[in-house]
Amino acid sequence: MTRLVVRPVGAYDRAHALGLLAAHSIPGAEATDLGAGSHSRLVEAGDGPARASYRVDLSFAGDEGVVVDVAATDRGTLGEIETIVRRWLDLDADTDAVRDTFAADPVLGPLVAARPGIRVTGNPEGFETAVVTVLGQQVSLAAARTFSGRLVAGYGEPLDGTGLTRFPRAEVLAAADVDGLRAAVGITNSRARTVQALARTVADGLVIAPGGDLVDVRRRLLAVPGIGPWTTDYLAVRALGDRDAWPAGDLVLRRVLGGLTTRQAEAAGAAWSPWRAYALFHLWAAVLPTAP
């Protein structure tokens, strides 16, 4: 077991990050202990035949940074895992620029002043994020977690010695029987078909990760039956690393802005560009204990 200390740049709101991870934790695939300040999941690292899944245990309890324990010793793998953690938790965010941009704003100024260390916490696996987002369409977060846990139990890959199950691979869900998928997860036929169509798109080469062509990824996601603007905008925030993404159709966002329509919320967010994803997280944090 190797221990890494990954230090954030600038202020860091550990409680917010841990709360987010707990709120979205997938039964079987992740484990969060709020009392201990820890979160665990499997992360893939390595190249070619050496690529493997590693259990990564994060601790937010100390003051020196995020402590990462991982059963790996290879320097290259450890470096990759540190990079993944930094991107996943948004530890290199320019929080000073965010604070300065919003300082005079009557809505965001007080929120950022109160919690300057809120980051855009994402997910290290883009396909996983996309599937869970589809499962969470028009249902509560608790229901989405239940559906995701069933999916992991039915189609995931237990990793010996870790106590965790790897989220199903795109190839597995692409080949799954739709009726079986629907029955195992407890979702509608249309939702099951969307999950399968998404899996086939990823299996055919779509990469849902930061650093790609955002326009092309959005276009290909929108071509999947059952995926619309809210889903693509949400994934742009949590999986594609777009710090100006703004899911104007989000119900919680529109509610906290005073019951705006999607069009009105789109107009309201224009003033917060190019940091609209941070505006989104601050607005969510103002009304929810963690995040939607």
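Shown above is the structure to which this text applies.
Residues numbered from 1 in each chain as written. Predicted model: local features only at pLDDT ≥ 70, side-chain atom pairs only at ≥ 80, totals over all residues. Heavy atoms only, no water.

## Quick notes on the pattern of salt bridges
Counting across every chain of the model gives 19 salt bridges. A salt bridge links R169 to E157; its shortest N-O distance comes to 3.6 Å. On the criterion of sequence distance, the pair formed by R169 in the loop between β7 (164-166) and α7 (170-174) and E157 in strand β6 (residues 157-159) is long-range, its members being 12 residues apart. Classification of E157 by relative accessible area gives partly exposed; the value is 39%. Between D244 and R276 there is a salt bridge, with its nearest N and O atoms 3.1 Å apart. Of this pair, D244 sits in the loop between α11 (229-238) and α12 (251-256) while R276 is found in helix α14 (residues 276-287), placing the two residues 32 residues apart along the sequence. Residues joined by salt bridges that share partners form a network here, namely E44, R51, E80, E157, R166 and R169. (Salt bridge = Lys/Arg side-chain N within 4 Å of Asp/Glu carboxyl O. Helix = DSSP H or I, 4+ residues; strand = E, 2+ residues; numbered from the N terminus. Buried < 20%, exposed > 50% of the residue type's maximum accessible area, 1.4 Å probe, protein only.)

## Thoughts on unusual backbone geometry
With an omega dihedral of 10°, the bond running from S273 to P274 counts as a cis peptide bond. Among the secondary structure elements, P274 is positioned in the loop between α13 (262-269) and α14. You will see that D90, though not glycine, has its phi angle at about 60°, which is positive. Following the sequence through the fold, D90 ends up in the loop between α2 (75-88) and α3 (95-102). One non-glycine residue, Q138, lies in positive phi territory at about 60°. Mapped onto the elements, Q138 comes out in the loop between α5 (126-135) and α6 (141-155). For Q138, a relative accessible area of 79% translates into the label exposed.

## Describing the packing of α6 against helix α8 (residues 178-185)
Viewed as axis vectors pointing N to C, α6 and α8 meet at an angle of 125°, and their least axial separation amounts to 8 Å. Taken together, the axis directions place α6 and α8 in an arrangement best described as oblique. In terms of crossing hand, the pair formed by α6 and α8 is right-handed. Contacts between α6 and α8 involve F147, R150, L151 and Y155 from the former and G180, L181, A184 and V185 from the latter. Of the residues assigned to the contact of α6 with α8, the class counts are six nonpolar, one polar and one charged. (Axes fitted to C-alpha atoms, helices over the stretch in contact; angles between N-to-C directions. Parallel < 35°, antiparallel > 145°, perpendicular 65-115°, else oblique. Left-handed = near helix turned anticlockwise from the far one by under 90°. Contact = heavy atoms within 4.5 Å. Nonpolar A, V, L, I, M, F, W, Y, C, P; charged D, E, K, R; others polar.)

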